[in-house]
Amino acid sequence: MKYIDASALLRVLFAEPGPTVRLAAGDRVASSGLVEIEMFRAVDRERLLGNLDDAQTAIKRKELTVLLAMLDLAPIDRVVIDRAKSSFAVNVRALDAIHVATAEILAAEAAGEPLEFWTHDDRQATRRCRVA
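About the thresholds
Residues numbered from 1 in each chain as written. Predicted model: local features only at pLDDT ≥ 70, side-chain atom pairs only at ≥ 80, totals over all residues. Heavy atoms only, no water. Salt bridge = Lys/Arg side-chain N within 4 Å of Asp/Glu carboxyl O. Helix = DSSP H or I, 4+ residues; strand = E, 2+ residues; numbered from the N terminus. Buried < 20%, exposed > 50% of the residue type's maximum accessible area, 1.4 Å probe, protein only. Pairing = 2+ DSSP bridges. Axes fitted to C-alpha atoms, helices over the stretch in contact; angles between N-to-C directions.

Participant: Lay out the pattern of salt bridges with the relevant residues and their values.
Facilitator: By the definition in use, this model includes eight salt bridges. Ionic pairing is found between E63 and K60, a salt bridge with its closest N-O pair at 2.9 Å. On the criterion of helical spacing, the pair formed by E63 and K60 is a turn pair, its members being three residues apart in helix α3 (residues 54–69). Residue class for E63 comes out partly exposed when judged on its relative accessible area of 35%. Since its relative accessible area comes to 15%, K60 is described here as buried. We note a salt bridge from D82 to R78, for which the minimum N-O separation is 3.2 Å.

Written out as structure tokens, the structure reads:
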């Protein structure tokens, strides 16, 4: 199973250079439902900064919808919130804590299936060990 956060998914959406998670048919790829908000906000931020015109924004929003449809999105429920509130060994921001907590819960539920945590956030990478 692959867990992908918004930073790694943005690299895919915008075809940014560097290591990128490969999304292939049949792969189980998961994220927090939070990623939907983060991704659409990022596209809108690029529009507001003048990096995307209206037509490009519409294309990116459509590409994003297709990309998100490939993911199993986990809800932010009480279990995730309680895990995200717990203490971490490193400094983790609030939204990142939701991603880390969700990934930990999914890994525990996967009963031995390895979990790859894809991120470009150094703090999350320190916590989860896998940097994309």
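Continuing now.
Participant: Could you give me a rundown of the sheet that holds strand β1 (residues 2–4), with the residues and numbers involved?
Facilitator: Across the sheet, which stays open at both edges, the four strands sit in the order β3-β2-β1-β4 with parallel pairing between neighbours. Taken across any chain shown, the strands that pair with only one partner, and hence form the sheet edges, are β3 (72–74) and β4 (116–118). Pairs of neighbouring strands in the sheet enclose a mean axial angle of 30°, with direction left out of account. Sheet topology note: the β1/strand β2 (residues 29–32) ladder contains two bridges and is parallel.

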